[in-house]
Amino acid sequence: MFKILSNEKIAPAVFRMDLEAALVAKKAAGGQFVMIRIDEKGERIPLTIADINGKNITIVYQVVGVTTHKLTEKKAGSALEDVVGPLGHATDARKFGTVCCIGGGVGIAELYPVVRAYKNAGNKVIVIIGARNKELVIFKDKLSKVCDEIFVTTDDGSDGEKGFVSNVLKRLMDSGANIDLVYAVGPAVMMKVVADMTRPAGIKTLASLNTVLVDGTGMCGSCRIEVAGETRFACVDGPEFDAHEVNFEEMMARQSLFKDKEAHACKIRGILQ
Ligand SMILES: Cc1cc2nc3c(=O)[nH]c(=O)nc-3n(C[C@H](O)[C@H](O)[C@H](O)COP(=O)(O)OP(=O)(O)OC[C@H]3O[C@@H](n4cnc5c(N)ncnc54)[C@H](O)[C@@H]3O)c2cc1C
Ligand code: FES
């Protein structure tokens, strides 16, 4: 059992949970994730390790369905049945020069340990974060402390500049900024737009993919994705891949494979989606 130290709402439908998970924390690095199970009958879901503090880890989750809804009901002092990890490859945080890290929605929290790792490796790190509105802009202060420059965008202009993260990236590229690496995590469509923008400019771009994971250890095939024309597994080969090689159309189609069942599961439990 893994003790929950805190479980707080930090934005509409977004919660931050601190967990005691000493063995996970000991080995975890930016870009990796855990598979959690609330109780012995619960489904396993992947959540990125958003921070590591001694023997504790932080996860930040958006409430989208049954399991994430059930997570909101867990109180500090109670426990999760399983926290398996760290899983996936850690971010290859070498010195590249100037790295532009882009996060959308709850992906902003997932970006934090990655930004810190790139900064610690001696890179200049530019962060661009975007959300629908001001209330959904999370981790702004935390990220500001570990990067060189930060840009915020909101769809409605209530924080930072109005528009999408890709608008800022385009402006930076058009102004001749020397960007050596782009890293993107967030909605698939955002990562696709970023990849389409950097491909012609030849800027190496990584995307952290969020396909549907079941076992998280390379056995079931549910997280398969086409990368450079080959089948890869997001859980064991990723979750980060060369964004220019990812078949995002296929990925987006596969993400909604279980939509009917997920909606049904919410309906029978009286959880509104
Ligand atoms: C490597 C990885 C890291 C992730 N990190 C985070 C994170 O840090 N914070 C966060 O809020 N979300 C993260 N996600 C997505 C998160 O796992 C899903 O939102 C969660 O599983 C939804 O479960 P649910 O029962 O609440 O919703 P459901 O109603 O079951 O599903 C809602 C939507 O969530 C996605 N989803 C459902 N089950 C899974 C699954 N087993 N694996 C992946 N996606 C699923 C699907 O797109 C689905 O349509 C990550 C996904 C991956 C693959
Ligand atoms: S989640 Fe089963 S193979 Fe990746």
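Residues numbered from 1 in each chain as written. Chains lettered and ligands numbered in written order. Predicted model: local features only at pLDDT ≥ 70, side-chain atom pairs only at ≥ 80, totals over all residues. Heavy atoms only, no water.

Draft legend 1. Just the site of ligand 1, in detail. Around ligand 1, a shell composed of 26 residues is seen, among which Glu43, Pro46, Gln62, Thr68 and Leu213 lie nearest. In the model, an oxygen atom of ligand 1 is placed 3.1 Å from a nitrogen or oxygen of the Gly65 main chain. Calculation on ligand 1 without its partners gives an accessible area of 850 Å², and the protein chains cover 90% of this total. Of all the secondary structure elements, the ones that give two or more residues to the shell around ligand 1 are β4 (45–53), β5 (56–62), α2 (66–72) and α9 (259–268). At 4 residues, β4 tops the list of elements feeding residues into the shell around ligand 1. Summarising the domain contributions, the shell around ligand 1 has at least three residues from each of domain 1 (2–87) and domain 2 (98–255). (Near = heavy atom within 4 Å. Polar contact = N/O pair within 3.5 Å; in protein donor to acceptor, adjacent residues only side chain to side chain. Areas by Shrake-Rupley, 256 points an atom, 1.4 Å probe, with all protein chains shown as cover. Helix = DSSP H or I, 4+ residues; strand = E, 2+ residues; numbered from the N terminus. Domains from an automatic or database assignment.)

Draft legend 2. Structural view of the pattern of salt bridges. Summed over the entire model, instances satisfying the criterion amount to 13 salt bridges. For the salt bridge of Arg37 with Asp82, the shortest nitrogen-to-oxygen distance reads 2.6 Å. Here Arg37 is found in strand β3 (residues 33–37), whereas its partner Asp82 is found in strand β7 (residues 82–87), with 45 residues between them in sequence. Asp82 carries the same exposure label as Arg37, and that label is buried. Here Arg116 makes a salt bridge to Asp51, at a shortest N to O gap of 3.3 Å. Of this pair, Arg116 sits in helix α3 (residues 107–120) while Asp51 sits in strand β4, placing them 65 residues apart in sequence. Judged by relative accessible area, Asp51 falls into the buried class, the value being 6%. (Salt bridge = Lys/Arg side-chain N within 4 Å of Asp/Glu carboxyl O. Buried < 20%, exposed > 50% of the residue type's maximum accessible area, 1.4 Å probe, protein only.)

Draft legend 3. Representation of the sheet that holds strand β9 (residues 124–131). Strand order in the open sheet formed by 7 strands is β11-β10-β9-β8-β12-β13-β16, and the pairing between neighbours is mixed. Only two strands of the sheet have a single partner each, and these edge strands are β11 (161–162) and β16 (240–242). Taken strand by strand, helix α5 (residues 165–174) contacts β8 (98–104), β9, β10 (149–154), β11 and β12 (181–185), and its axis lies near 145° from that of β9. Sheet contacts for helix α6 (residues 188–198): β8, β12 and β13 (204–208); angle to β12, the most-contacted strand, approximately 165°. (Pairing = 2+ DSSP bridges. Contact = heavy atoms within 4.5 Å. Axes fitted to C-alpha atoms, helices over the stretch in contact; angles between N-to-C directions.)

Draft legend 4. Highlighting α5. Three or more residues of α5 are buried, namely Val165, Ser166, Val168, Leu169 and Leu172. Down the axis of α5, the buried set is contained in an arc of 155°. They therefore lie on one face. In the core, the buried residues of α5 are packed alongside β8, β9, β10, β11, β12 and α6. (Arc of directions from axis to C-beta.)

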